Number of protein chains: 2
Amino acid sequence: MDLVAAVRRFNRTVTQRVGALDDEYMARGRPLAQARLLWEIGPGGAEVAALRSRLGLDSGYLSRLLRTLEGDGLVTVGPADRAGGDGRVRVAALTGAGRAEWAELDRRSDEFARSILAPLPGRRRERLVAAMAEVERLLVASLVVIGPCPPGDPRARACVRAYARDVGRRFDGGFDPALSSPVHDEALVPPAGVFLLASLNGEPVGCGAVKLHPGAPAEIKRVWVSDQVRGLGVGRRMLDELERYAAERGWAAVRLDTNRALTEAIAMYRSAGYGEVEPYNTEPYAHYWFEKRLAQ
Amino acid sequence: MDLVAAVRRFNRTVTQRVGALDDEYMARGRPLAQARLLWEIGPGGAEVAALRSRLGLDSGYLSRLLRTLEGDGLVTVGPADRAGGDGRVRVAALTGAGRAEWAELDRRSDEFARSILAPLPGRRRERLVAAMAEVERLLVASLVVIGPCPPGDPRARACVRAYARDVGRRFDGGFDPALSSPVHDEALVPPAGVFLLASLNGEPVGCGAVKLHPGAPAEIKRVWVSDQVRGLGVGRRMLDELERYAAERGWAAVRLDTNRALTEAIAMYRSAGYGEVEPYNTEPYAHYWFEKRLAQ
DNA sequence: CCACATGCCTGACTTTAGTCAGGAAAATCC
DNA sequence: GGATTTTCCTGACTAAAGTCAGGCATGTGG
């Protein structure tokens, strides 16, 4: 396939070559891992656990890197000083020298970006930046991973709150979760159902849930996608995953209800093969009820 | 500046993240350097010197990597068997197992590219690929480096031959270098003049020369840019460099002659500040003579 | 309050990447 | 035809990156 060949070319020429140059700029004599860590701590400081997950480092390795930067007088690591906080978590912060070094990295990163733009005449510069933004935005879709998550997880809670907020802005007269039919956590934990989370680099950017009602079609709830990744097909993938979950466990149909204000969602349901059915519940915020028969 | 910020974002999200993933796909258990080397050798084999320059490796390090791959039965290294060849150069070739491994890397590279495209709906896929191609093409301009080169160097010779070939295709009645006023190598070596080569990853993609005539304007000759990078401003950068060379050595003006068939070149000279002057030589292929006064 | 999990740490280790000096064989220069 | 250069090689290093096991303090669920 031709598209695949084009992506491979891009990976080889852009990703590898520019990536290597960027690393070189960043490192400036220091081991790359240290430079990256220094950069990631940033002027505002960061919790050690956050650094570990953002950089994907082994706990022992990270600890050693922090000791080195501490030894060089660039960083201090101390207990998190927010009152009532977890006494185990530690926070890394830059010293004066560390901030100076960080600013130097920032300057060099700017310089590198400028060196990429410099050889191009003005109009081409803008075209390059526009194309970069497009690649970035579309690639983000590939980096979104969807997986199960306990509905009580803080990330899941954050998504549900964001869902209520978004929906409240769009419905006539807002949205009061207390008036809507409640969804209990237990109903979204296997085997009764599942809550799926879409994440981008560990940050939650979408969610969806399905309840497996015994002897009735499975019910899809709380499908939400963050603005950050809207329009990239994440909602459709979420729907596919939820359907697959129900189908694999023997359910032959799924259904859902929705509000007339959510026009793109309605269009997505229709294009995904959902057909309108009679109301199957008394959800006060619903105007449409959809159902889809599942394969197998 | 906003453009710089956009480029930085691109570097961070695309280059680093996709680059790292690509490496992981490529490595599959084996050290990355070995995987890259195996890939670079390819089914057709490659000379050791070519591998060294393409991968930018130390001679000793490369030799050791080859021994390891040889020890694993993936590669054989032997003398180049073309008759009359240089007896020192050695050629690395894949064994049966090596070819199988190479095919596996090829397959995985395809798989990775597919995994990037998979989450996107059809139209977005095409937009991504188009944007990638645009980024790639425009970034290439930043990777072109221009520097002095002896006119006798094989890369310089190749450029001059390509120049004659290109020009021959465009002039009415072709181009016979023997009829054109000759340019001797000595005139293009400092301090008499200079020959500049534009390279992309070590491959020659353009050239240009300037002769510093004592007591007369400096003369620009043989400005050529390969199709590969045409339209990216490389010609203009070459011109700038040649002018700078002359200006720094005290020349107050440069001039050049050109053929009416080279319409884009003529437009470039005009936009770069060149003005038409009376013929200053009897070059049979010239229709226009241009001159530019240099600053300082 | 006990058992267990979690967050961060240290010590001991391996692998990978890369450098540097020099050496044998072939090619080239004068 | 001898000096020099080039190509590839080996041996001896070093630094960086990363892994693994275990330990101590703190937090949490029963």
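The structure reproduced in this document is the subject of the present report. (Residues numbered from 1 in each chain as written. Chains lettered and ligands numbered in written order. Predicted model: local features only at pLDDT ≥ 70, side-chain atom pairs only at ≥ 80, totals over all residues. Heavy atoms only, no water.)

### Observations regarding the protein's contact with DNA strand C
The full set close to DNA strand C counts 22 residues, and R64, R67 and R88 of chain A together with Y61 and G87 of chain B are the nearest of them. The sugar-phosphate share of atoms of DNA strand C within 4 Å of the protein amounts to 63%. Between DNA strand C and R90 of chain A there is a distance of 3.0 Å, counted from a phosphate oxygen to a side-chain nitrogen or oxygen. The separation between a phosphate oxygen of DNA strand C and a polar main-chain atom of A33 of chain B is 3.3 Å. (Near = heavy atom within 4 Å. Polar contact = N/O pair within 3.5 Å; in protein donor to acceptor, adjacent residues only side chain to side chain.)

### Overview of the protein's contact with DNA strand D
Taken together, the neighbourhood of DNA strand D is formed by 22 residues, with Y61 and G87 of chain A together with R64, R88 and R90 of chain B sitting nearest. Restricting attention to atoms of DNA strand D within 4 Å of the protein, one finds that 63% of them are sugar or phosphate atoms. Here a base oxygen of DNA strand D sits 3.4 Å away from a polar atom, N or O, in the side chain of R88 of chain A. Elements with a minimum of two residues in the surface near DNA strand D: helix 2 (32–41) and helix 4 (59–71) of chain A together with helix 3 (48–55) and helix 4 (59–71) of chain B. Per-element accounting of the surface near DNA strand D gives the leading share, five residues, to helix 4 of chain B. For the surface near DNA strand D, a count of residues per class yields eight nonpolar, five polar and nine charged. (Helix = DSSP H or I, 4+ residues; strand = E, 2+ residues; numbered from the N terminus. Nonpolar A, V, L, I, M, F, W, Y, C, P; charged D, E, K, R; others polar.)

### Re the packing of helix 1 (residues 2–27) of chain B against helix 5 (residues 96–117) of chain B
Residue and element names in this part refer to chain B. Following both chains from N to C, one finds helix 1 and helix 5 inclined at 145°, their axes separated by 9 Å at the closest point. Seen from above, helix 1 lies across helix 5 with right-handed handedness. On helix 5, the residues that touch V18, L21, D22, Y25 and M26 of helix 1 are L105, R108, E111, F112, S115 and I116. Classifying every residue of the contact of helix 1 with helix 5 gives seven nonpolar, one polar and three charged. (Axes fitted to C-alpha atoms, helices over the stretch in contact; angles between N-to-C directions. Left-handed = near helix turned anticlockwise from the far one by under 90°. Contact = heavy atoms within 4.5 Å.)

### Let's talk about the sheet that holds strand 6 (residues 203–211) of chain B
Residues and elements named next belong to chain B. With respect to topology, seven strands assemble into an open sheet ordered 4-5-6-7-8-10-9, the strand pairing being mixed. Among the strands making up the open sheet, the edge pair consists of strand 4 (144–148) and strand 9 (275–276). As paired strands, strand 6 and strand 7 (residues 218–225) are joined by five bridges and run antiparallel to one another. Along strand 7, the bridge assignment pairs K211 with E219. Across the face of the sheet, helix 7 (residues 154–170) comes into contact with strand 5 (193–200), strand 6 and strand 7 while running at roughly 80° to strand 7. (Pairing = 2+ DSSP bridges.)

### Brief notes about empty space enclosed by the protein
Throughout the structure, instances matching the rule amount to one cavity of 30 Å³ or more. Space inside the largest cavity adds up to approximately 40 Å³. Lining the largest cavity are E136, L139, V140 and L143 of chain A together with T13, V14 and V18 of chain B. Listed by contribution, the elements that provide at least two residues to the lining of the largest cavity are helix 6 (122–143) of chain A together with helix 1 of chain B. The biggest single contributor to the lining of the largest cavity is helix 6 of chain A, with four residues. (1 Å grid on protein atoms, 1.4 Å probe; cavity = no way out; pocket = protein on both sides within 12 Å on 5 of 7 lines; lining within 4 Å. Points joined across faces, edges and corners; volume = space filled by probe spheres on them.)

### Re the interface of chain B and chain A
Facing 53 residues of chain B, the contacting portion of chain A comprises 53 residues. Interface area, chain B with chain A, both sides summed: about 5100 Å², of which 65% is carbon and sulfur. In this assembly, chain B and chain A are joined by eight salt bridges. A salt bridge links D110 of chain A to R8 of chain B; the shortest N-O distance between them is 2.7 Å. Of all the secondary-structure elements, those providing two or more residues to the side of chain B that touches chain A are helix 1, helix 2 (32–41), helix 5 and helix 6 (122–143) of chain B. (Buried area = accessible area lost by both parts, 1.4 Å probe. Salt bridge = Lys/Arg side-chain N within 4 Å of Asp/Glu carboxyl O.)

### Regarding the relation of the copies chain B and chain A
Between the two copies, chain B and chain A, the superposition gives an RMSD of 0.3 Å; the rotation angle is 180° and the shift along the axis is 0.1 Å. Taken together, the turn and the small shift mark the pair as related by a two-fold rotation axis. An overlap of 100% is found between the interface residues of chain B and their copies at the interface of chain A, pointing to a shared contact surface. (Least-squares fit on C-alpha atoms with pLDDT ≥ 70 in both.)

### Details of the pattern of salt bridges
Going through the model one piece at a time under the given rule, you end up with 48 salt bridges over all chains. Residues R107 of chain A and E104 of chain A are paired through a salt bridge, measuring 3.0 Å at the closest nitrogen-oxygen approach. Of this pair, R107 of chain A and E104 of chain A both sit in helix 5 (residues 96–117), three residues apart, roughly one helical turn. Exposure remark for R107 of chain A: the relative accessible area of 43% places this residue in the partly exposed category. With a closest N to O distance of 3.1 Å, R107 of chain B and E111 of chain B form a salt bridge. Of the two residues, R107 of chain B and E111 of chain B are both situated in helix 5; the distance of four residues between them amounts to about one turn of the helix. Each of R8 of chain A together with D106, D110 and R114 of chain B takes part in one network of salt bridges that share partners. (Buried < 20%, exposed > 50% of the residue type's maximum accessible area, 1.4 Å probe, protein only.)

### Details of helix 2 of chain A
Buried within helix 2 of chain A we find Q34, A35, L37, L38, W39 and I41 of chain A. Where helix 2 of chain A ends, the next residue or the one after it, G42 of chain A, has phi of about 70°, a positive value.

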